[in-house]
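# Structure assessment
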Amino acid sequence: MKTSNPVLARLGQAAERERASGYAPAGAYGQPGYGQPYPTDAGYPAAPPTVQPMSIDDVVVKTVTLLGITGLSAALAWVLVPDALVGAAWIGAAVVGLVLGLVISFMRIANPALVVTYAVVEGVFVGMVSKFFESIAGYDGIVLQAVIATFGVFFLMAGLYKAKVIRATPKFIRGVIAATVGIFAVILINFVLTLFGIETGLRSGGPIAIGFSLICIVIASLSFILSFHEVEEGVRMGLPRKYSWTAAFGILVSLVWLYIEILRLLSYFQGDD
């Protein structure tokens, strides 16, 4: 059960120990911790409970559920938040979503409640960004165009992955991760510079901004390959079903990022009209 993903490797080892020893982490599945046998009325250890492994169908269901929650949250935020508070809600949701995303990413145990909370917060973020571009900035129809393009890219990458046109080799994984970290570092630095009134041109709508958005879109698209690979590895390693929430979270993160970048790119072109 070897994998190039260290996080999946640790989770797979934990799942294997659960199956082999009959013990679970303290609190997991409502059972005692490692080294504590399951008690019975007779005082002898009982057979461990069956831990159902995750499947691709589980991930699909969880992903659709998170997308539904995100969409509903976005729609409610669009309707309920007045135009004057769109900026504040946008920034607040972005900060909270970033914190939750980092917590979920570095946790070793899947937390469905935390993932669902993240989907709600991201829904507010997406709703505020969408409302700004569609209603306040006046880019008519841009949200629908961005949604169609986002899911079009998603299904294209899924098809390329299934057809093995793009493979998640260790080198590919390292490259995409490095590119993602690098691009987010650039985004963060650019954001800090704008707070001091320094304009870099990365989000101004000019040729540099268009090129930067295209790079972000390519990297966000390639990140789906990593997510698909992790799902397959998780299923192969027999991770418990609750980790399908973590897999769905990874797909949601990429979808939101891709949607925002496509929205920005479309606004650059509409702004030239």
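What you see is a predicted model, and the numbers here were worked out from it, not measured in a lab.

Let's shift gears to the overall build of the chain. A tally of helices and strands in the chain yields eight helices and zero strands. Ordering the α and β elements of the chain from the N terminus gives α-α-α-α-α-α-α-α. Within the chain, the fraction of its 273 residues that count as buried is 41%. When the accessible surface of the chain is totalled, it reaches about 14,500 Å², and 70% of it is carbon and sulfur.

Right, let's get into the pattern of salt bridges. For the structure on display, the rule yields four salt bridges. Between Asp 58 and Arg 241 there is a salt bridge, and its shortest N-O distance comes to 3.3 Å. Here Arg 241 lies in the loop between α7 (207–237) and α8 (244–270) and Asp 58 lies in helix α2 (residues 56–80), a separation of 183 residues in the sequence.

Turning our attention to the UniProt feature "transmembrane region" (unreviewed entry) in the chain. Here, the residues flagged by UniProt with the feature "transmembrane region" (unreviewed entry) are residues 59–81, 87–106, 113–130, 142–161, 173–196, 208–231 and 243–260. Helix and strand shares over residues 87–106 are 100% and 0% respectively, and the end C-alpha atoms of the span are 29 Å apart. The distance from the first to the last C-alpha atom of residues 208–231 is 35 Å, and the span holds 100% helix and 0% strand.

On to the packing of aromatic side chains. Under the criterion given, the structure shown has 10 aromatic pairs. Aromatic pair Phe 132 and Phe 133: ring centres 5.4 Å apart, planes at 80°, arrangement edge-to-face. Aromatic pair Phe 154 and Phe 155: ring centres 5.3 Å apart, planes at 70°, arrangement edge-to-face. Phe 154 gets classed as buried once you look at its relative accessible area, which sits at 14%. Assessed through its relative accessible area of 56%, Phe 155 is described here as exposed. The structure contains a cluster of three or more aromatic residues connected by ring pairs, namely Phe 154, Phe 155, Tyr 161, Phe 224 and Phe 228.

Quick look at a nonpolar patch on the surface now. On the surface, Leu 188, Phe 191, Val 192, Leu 195, Phe 196 and Ile 198 cluster together to form a nonpolar patch covering roughly 650 Å² of accessible area. By secondary structure assignment, the location of Leu 195 is in helix α6 (residues 170–195). According to the relative accessible area criterion, Leu 195 is exposed, its value standing at 60%.

This part covers the layout of surface pockets. Taken as a whole, the second largest pocket spans an internal volume of roughly 430 Å³. In terms of lining, the second largest pocket is formed by 17 residues, of which the most central are Ile 56, Val 60, Phe 154, Ala 158 and Phe 228. Among the elements of the structure, α2, α5 (142–162), α7 and α8 are those that each provide at least two residues to the lining of the second largest pocket. The residue makeup of the lining of the second largest pocket, split by class, is 13 nonpolar, two polar and two charged.

Turning our attention to helix α3 (residues 86–106). Taking 1.5 Å as the rise per residue, α3 with 21 residues should run 30 Å; its terminal C-alpha atoms sit 30 Å apart, in good agreement. Those residues of α3 that fall on the buried side of the exposure criterion are Val 86, Ala 93, Gly 97, Leu 100, Gly 101 and Ile 104. Projected onto a plane normal to the axis of α3, the buried residues spread over an arc of 105° and lie on a single side. Turned more than 90 degrees away from the buried face of α3, the exposed residues are Ala 88, Ile 91, Leu 98 and Phe 106. Tucked inside the fold, the buried residues of α3 contact α4 (112–136) and α8.

Right, let's talk about the confidence of the model for the chain for a bit. Chain-level statistics for the chain give a pLDDT mean of 82 and a share of 79% at 70 or above. Segment residues 21–41 is flagged for pLDDT under 50; beyond a separation of four residues in sequence, or across chains, it makes 46 contacts in the model.

What follows is about unusual backbone geometry. Look at Lys 164: it is not a glycine, yet its phi comes out positive at around 65°. Following the sequence through the fold, Lys 164 ends up in the loop between α5 and α6.

For the rest of this paragraph, the subject is the environment of Val 186. Checked against the element boundaries, Val 186 lands in helix α6. Accessibility expressed as a relative area gives 33% for Val 186, which makes it partly exposed. As a C-alpha pair, Val 186 and Leu 202 span 16 residues in sequence and 9.4 Å in three-dimensional space. In this structure Val 186 touches Leu 202 and Phe 212, once residues within four positions along its chain are discounted.

On to the environment of Pro 53, then. By secondary structure assignment, the location of Pro 53 is in the loop between α1 (6–21) and α2. In this structure, Pro 53 is in contact with Asp 58, Gly 238, Leu 239, Pro 240 and Arg 241, ignoring residues within four places of it in sequence.

Thresholds, definitions, all that
- Residues numbered from 1 in each chain as written.
- Predicted model: local features only at pLDDT ≥ 70, side-chain atom pairs only at ≥ 80, totals over all residues.
- Heavy atoms only, no water.
- Helix = DSSP H or I, 4+ residues; strand = E, 2+ residues; numbered from the N terminus.
- Buried < 20%, exposed > 50% of the residue type's maximum accessible area, 1.4 Å probe, protein only.
- Areas by Shrake-Rupley, 256 points an atom, 1.4 Å probe, with all protein chains shown as cover.
- Salt bridge = Lys/Arg side-chain N within 4 Å of Asp/Glu carboxyl O.
- UniProt positions renumbered as here; feature names shortened; annotations may be inferred.
- Phe/Tyr/Trp six-rings, centres within 6.5 Å; stacked < 30°, edge-to-face > 60°.
- Patch = residues over 30% accessible without salt bridge, like charges linked within 9 Å, V, L, I, M, F, W, Y side chains within 5 Å.
- 1 Å grid on protein atoms, 1.4 Å probe; cavity = no way out; pocket = protein on both sides within 12 Å on 5 of 7 lines; lining within 4 Å.
- Points joined across faces, edges and corners; volume = space filled by probe spheres on them.
- Nonpolar A, V, L, I, M, F, W, Y, C, P; charged D, E, K, R; others polar.
- Expected span 1.5 Å × (residues − 1).
- Arc of directions from axis to C-beta.
- Contact = heavy atoms within 4.5 Å.
- pLDDT = per-residue confidence, 0-100.

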